[in-house]
Amino acid sequence: METMRKFERVCEIVDRNGRNPSRLIPILQAVQAEYRYLPEEILTFVATSLGIPPARVFGVATFYSLFTLKPKGKYLIRICNGTACHVKGSMGLYKTLSDKLNLGDGRETSDDMLFTLETVNCLGACGLAPAMVINEEVFGQVTSQRAAAIIDEIITREAQYESDSSRIE
Amino acid sequence: MKESLYITIDNNEIPIDNEKNLLEIIRKAKIDLPTFCYHSELSVYGACRLCMVEVDGIGLVSACSTTPASWMKVKTNTEEIRDMRKIIVELLLANHSQTCPTCPKSATCQLQALARRLGITKVRFKSQARDLPIDDSSPSLVRDANKCTLCGDCVRICSEIQSVGAIDFAYRGAQTMVIPSFGKDLNEVECVNCGQCARVCPTGALTPKPEVDQVWKALHNPRKVVVAQIAPAVRVALGEVFGLEPGVTMSGQIVAALRALGFDKVFDTSFTADLTVLEESNEFVKRIENNNNIPQFTSCCPAWVKFVEQYYPEYIRHLSTCRSPQQMFGALAKEILASDLGMEREDIVVVSIMPCTAKKFEAKRPEFTRDGISDVDHVLTTQELGRMIEEAGLHFRELEPESFHLPFGFKTGAGVIFGNSGGVSEAVLRYLTEKLTGQKRENYEFTSVRGEEGIREASLTVNGREFSLAVVSGLGNARKLIEKVKSGEAHYDFVEVMACPGGCVGGAGQPVFANMEAMRKRTKGIYENDRMLQLHKSQDNPYITELYSKVLGEVGGDKAHKLLHTSYHTRKRITDEGMMLSPSSGEHSVEVNVCFGTGCFLKGSQRLLHNILEYIKVRDLGSIVDVSASFCFEKCDKGPVIRVGENIIDGCTVEMAQEAIERETGGFLQSEGRDHG
Ligand code: SF4
Ligand code: SF4
Ligand code: FES
């Protein structure tokens, strides 16, 4: 039912914007907020309901780096690579996590869809360098050990949650 | 009297007469300012910056996007401008694949021409060429993104003129590309194969897909009889490849050239165009009598047919069921020649010479294939025939003219004017006015349907009944017209549509032409050709009469239907996988798939889906029913459409959906003995 709920939200988003093609960008923003990425079939649907070619929607969706067409993990880890954080070794941090999660070579999301690892240019938390954000939560002065511990904690929590929910069924 | 205003261009006073931009005035002053992304038919993009000129008091501006004013003093040839142009062209070359000698666009490439004109002998920048895959999925076109300069001409013609929008810019910065949506192949999206993008592409990034090799192979095979058919528009354009003016009719030399290349028989598509006139007019008379599916739309243009199939499924019934002249010829040739010559169908190879890239697609449609053998085996564009003639080393202009073979080489002028927008309508009028009145007419020209505008209307009273016609070229215009018909704002009895502006003379398979003047000359050439011929009305063609009496029987009769008519189908715009909305949890499940294509969406699939899900919740069927949405079951005229298990239900209501779900799930409920405890 989760997917259905999301899809109905997309219909709502499109209607709320009056099915107006000039509202494409706010529509895509809202859709991405719902899915955390822009699935291809949803973009086709958006194009259809706005009466514009899918190629145009694809063009806009790939033009702005704000939008992503690839699914993201449940936990989006962003490591700041602004000047301050870079100087404080944020790339070492990135490397540690990328090895730990078995990512790299253009792969940003773990196979179990739990984590996505990205870098950003300045989170505006330079006083806390190096900084890392997981979903909405900001972590300052992160060492490699500490980052690894945070990840482990999430993995344990998720495993626990999984087994709980399967017991309920 | 209004005094005319002048502008100074390189010290000359030039009058301003309504030119939209500086570029047009400069060209009027007979200075050929280089441009890359400017087409007078399209919106101004101003991206290439090649048209930079200096305006006193302002400095450098791009001429294509500057409105002329009388105070302006313009210089087009300063040292600064010349340097800048060179840099721009060098930058374009640095981004470009370096395979010019083997590029199909080689002789007509505008980038090469510019490099030569500006005297560029080396590129001072490091090559940034990328190694992107070539897309040759389409039957009509080849896309090589490595040669794309991002001028956007193709994007604009596809969306502005054709209202299709199959290709667009995507990504940004150094990654920017022109591609179909989601990076799919061209044959998986809504492209109608008109090729207009390839016509305006200045380089070899979009080109017609060649079939020259296959044709040589057939010609060299002694077991095959290879026959050619030549479309009307080809005869007034092929000469351009060999330095002749546009519009000069070269039928005799074309026949001679084809014979020299090894074709066994050379026929004329204008013959089957004459045949189309009889079949299509009689179909029209029947529809008028029964007041059925009016307006009748022409169906000669395969790009237009695909357009209707994709965007206006509810109007498919309005398309004439006549095959296009190309396909009528293919069907007749395979049927009649095979039996006349005592050969198998597969040993007769039919090659069409067409001004068109969409005809390549049409020839491969399954409707026109019998027992795995296509009625038309290969389609060459005018450009490709030019290349074969060059390859064979023939002196085209000096060839001794030869005549077409009979019977399919004999045509009237009515069959020739099919090459112009308005031609089919005029040919039909030449027939109908005599057929309906039973009287012969002296004058055969109907100039009211001729002209350059993209939508032309005419009305005509025959035997006391008024008929209204519309002649349309360009699919964007066709869309406007259908919307008017849909809303009831306009009414027509007969509508002719050609996808290419100006009709087939402006087809994408024709020799590359730089300005609209060439088109005008070809159009004129076609009408002159009509005047030079002995007969002008399809009904007067003695070989058509003979064909009916010996082979086809009645006009519109059974045999004619089998060979000369077809049917069209709704079609998806884009291939997709659909999306799972509510997966079942059990192993056995019933699939319920709701169409969310445009047609169904407009007819309320969203509500229907909502109600189905409610129903599934209430009946507690969530664990055994999979609900998904997909785009288009290709039954858009009967939306909303859903699929339950194997059954497709069109015009679906909530009740129908519920009933179908009950029926499909009933079995499971019993066999698994599931209870709701
Ligand atoms: S062939 Fe026609 S429809 Fe297809 S991409 Fe080119 S312009 Fe668009
Ligand atoms: S108008 Fe003529 S040349 Fe253009 S796509 Fe249609 S049939 Fe082909
Ligand atoms: S939109 Fe094509 S079948 Fe529904």
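Keep in mind that what you see is a predicted model, and the values were worked out from it rather than measured.

### Concerning the state of the cysteines
So, point 1. Counted under the stated rule, the structure contains zero disulfides over all chains.
So, point 2. Cys 51 of chain B takes part in no disulfide bond, and the closest cysteine sulfur, belonging to Cys 64 of chain B, lies 4.0 Å away.

### Looking at the interface of chain A and chain B
So, point 1. The partner chain B presents 34 residues to the 26 residues of chain A that form the contact.
So, point 2. Together, the buried faces of chain A and chain B total about 2,600 Å²; carbon and sulfur atoms form 67% of this surface.
So, point 3. Connecting chain A to chain B are two salt bridges.
So, point 4. Here Lys 184 of chain B ties to Glu 40 of chain A by a salt bridge, and the two come within 3.0 Å at their closest N and O atoms.
So, point 5. Seen at the junction of chain A and chain B, the total is five residue pairs in polar contact (both at pLDDT 80 or more).

### Remarks on the site of ligand 1
So, point 1. Inspection of the region around ligand 1 gives Leu 141, Cys 158, Val 164, Ile 167, Cys 191, Val 192, Asn 193, Cys 194, Gly 195 and Cys 197 of chain B as its neighbouring residues.
So, point 2. Residue composition of the shell around ligand 1, grouped by class: eight nonpolar, two polar and no charged.

### Thoughts on the site of ligand 2
Residue and element names in this part refer to chain B.
So, point 1. Around ligand 2, a shell composed of Cys 301, Pro 302, Ala 303, Cys 356, Ala 358, Lys 359, Met 498, Ala 499, Cys 500, Cys 504 and Gly 507 is seen.
So, point 2. Contributions of two or more residues to the shell around ligand 2 are made by α9 (302–311) and α11 (358–363).
So, point 3. Of the residues belonging to the shell around ligand 2, the class tally is nine nonpolar, one polar and one charged.

### What about the domain arrangement of chain A?
So, point 1. Segmenting chain A into domains produces domain 1 (2–63) and domain 2 (75–168).
So, point 2. Measuring from the centre of the C-alpha atoms in domain 1 of chain A to the corresponding centre in domain 2 of chain A gives 29 Å.

### Quick word on the side chain of Gln 32 of chain A
All names here are of chain A.
So, point 1. As for its placement among the helices and strands, Gln 32 is situated in helix α2 (residues 24–35).
So, point 2. In this structure the side chain of Gln 32 is engaged in a polar contact, spanning 3.0 Å, whose partner is the backbone nitrogen of Thr 68.
So, point 3. If near-sequence neighbours (up to four positions away) are discounted, Gln 32 is found in contact with Tyr 37, Leu 38, Leu 66, Phe 67 and Thr 68.

### Looking at unusual backbone geometry
Residues and elements named next belong to chain B.
So, point 1. Of note, the bond from Ile 294 into Pro 295 is cis; its omega dihedral lies within 30 degrees of zero at 0°.
So, point 2. Along the chain, the position of Pro 295 falls in the loop between α8 (269–290) and β12 (296–297).
So, point 3. Phi is positive for Asn 11, which is not a glycine, with a value near 70°.
So, point 4. Summarising the element assignment, Asn 11 is placed in the loop between β1 (5–9) and β2 (12–16).
So, point 5. Owing to a relative accessible area of 73%, Asn 11 belongs among the exposed residues under this scheme.
So, point 6. The backbone of Asp 371 shows a phi angle near 45°, a positive value even though the residue is not glycine.

### Quick look at the environment of Pro 104 of chain B
Residues and elements named next belong to chain B.
So, point 1. Relative to the helices and strands, Pro 104 is located in the loop between α2 (79–94) and α3 (110–117).
So, point 2. For Pro 104, a relative accessible area of 48% translates into the label partly exposed.
So, point 3. Linking Pro 104 and Thr 203, residues 99 residues apart in sequence, is a C-alpha distance of 9.3 Å.
So, point 4. In contact with Pro 104, not counting residues within four places along its chain, are Lys 147 and Thr 207.

### Let's talk about the packing of aromatic side chains
Residues and elements named next belong to chain B.
So, point 1. Under the defined criterion, the tally for this structure stands at 19 aromatic pairs over all chains.
So, point 2. Ring centres of Phe 410 and Tyr 543 lie 5.3 Å apart, and the angle between their planes is 45°; this geometry places the pair in the tilted category. Separated by 133 residues along the polypeptide, Phe 410 in the loop between α12 (382–392) and α13 (413–416) and Tyr 543 in helix α17 (residues 542–552) bring together distant segments of the chain.
So, point 3. The class for Phe 410 is partly exposed, based on a relative accessible area of 22%.
So, point 4. Relative accessible area serves as the criterion here: at 24%, Tyr 543 is assigned to the partly exposed category.

### Let's talk about the sheet that holds strand β10 (residues 225–230) of chain B
One key point about sheets: their strands pair by backbone hydrogen bonds, in either a parallel or an antiparallel sense.
All names here are of chain B.
So, point 1. Ordered in space as β11-β10-β13-β16, the four strands form an open sheet in which the pairing is parallel. Two strands close off the open sheet at either side, each with one partner strand: β11 (265–268) and β16 (378–381). In this sheet, neighbouring strand axes are inclined to one another by 25° on average, regardless of whether the strands run parallel or antiparallel.
So, point 2. Across six bridges, the pairing between β10 and strand β13 (residues 348–354) is parallel.

Each value, and the rule that gives it
Residues numbered from 1 in each chain as written. Chains lettered and ligands numbered in written order. Predicted model: local features only at pLDDT ≥ 70, side-chain atom pairs only at ≥ 80, totals over all residues. Heavy atoms only, no water. Disulfide = S-S within 2.5 Å. Contact = heavy atoms within 4.5 Å. Buried area = accessible area lost by both parts, 1.4 Å probe. Salt bridge = Lys/Arg side-chain N within 4 Å of Asp/Glu carboxyl O. Polar contact = N/O pair within 3.5 Å; in protein donor to acceptor, adjacent residues only side chain to side chain. Near = heavy atom within 4 Å. Nonpolar A, V, L, I, M, F, W, Y, C, P; charged D, E, K, R; others polar. Helix = DSSP H or I, 4+ residues; strand = E, 2+ residues; numbered from the N terminus. Domains from an automatic or database assignment. Buried < 20%, exposed > 50% of the residue type's maximum accessible area, 1.4 Å probe, protein only. Phe/Tyr/Trp six-rings, centres within 6.5 Å; stacked < 30°, edge-to-face > 60°. Pairing = 2+ DSSP bridges. Axes fitted to C-alpha atoms, helices over the stretch in contact; angles between N-to-C directions.

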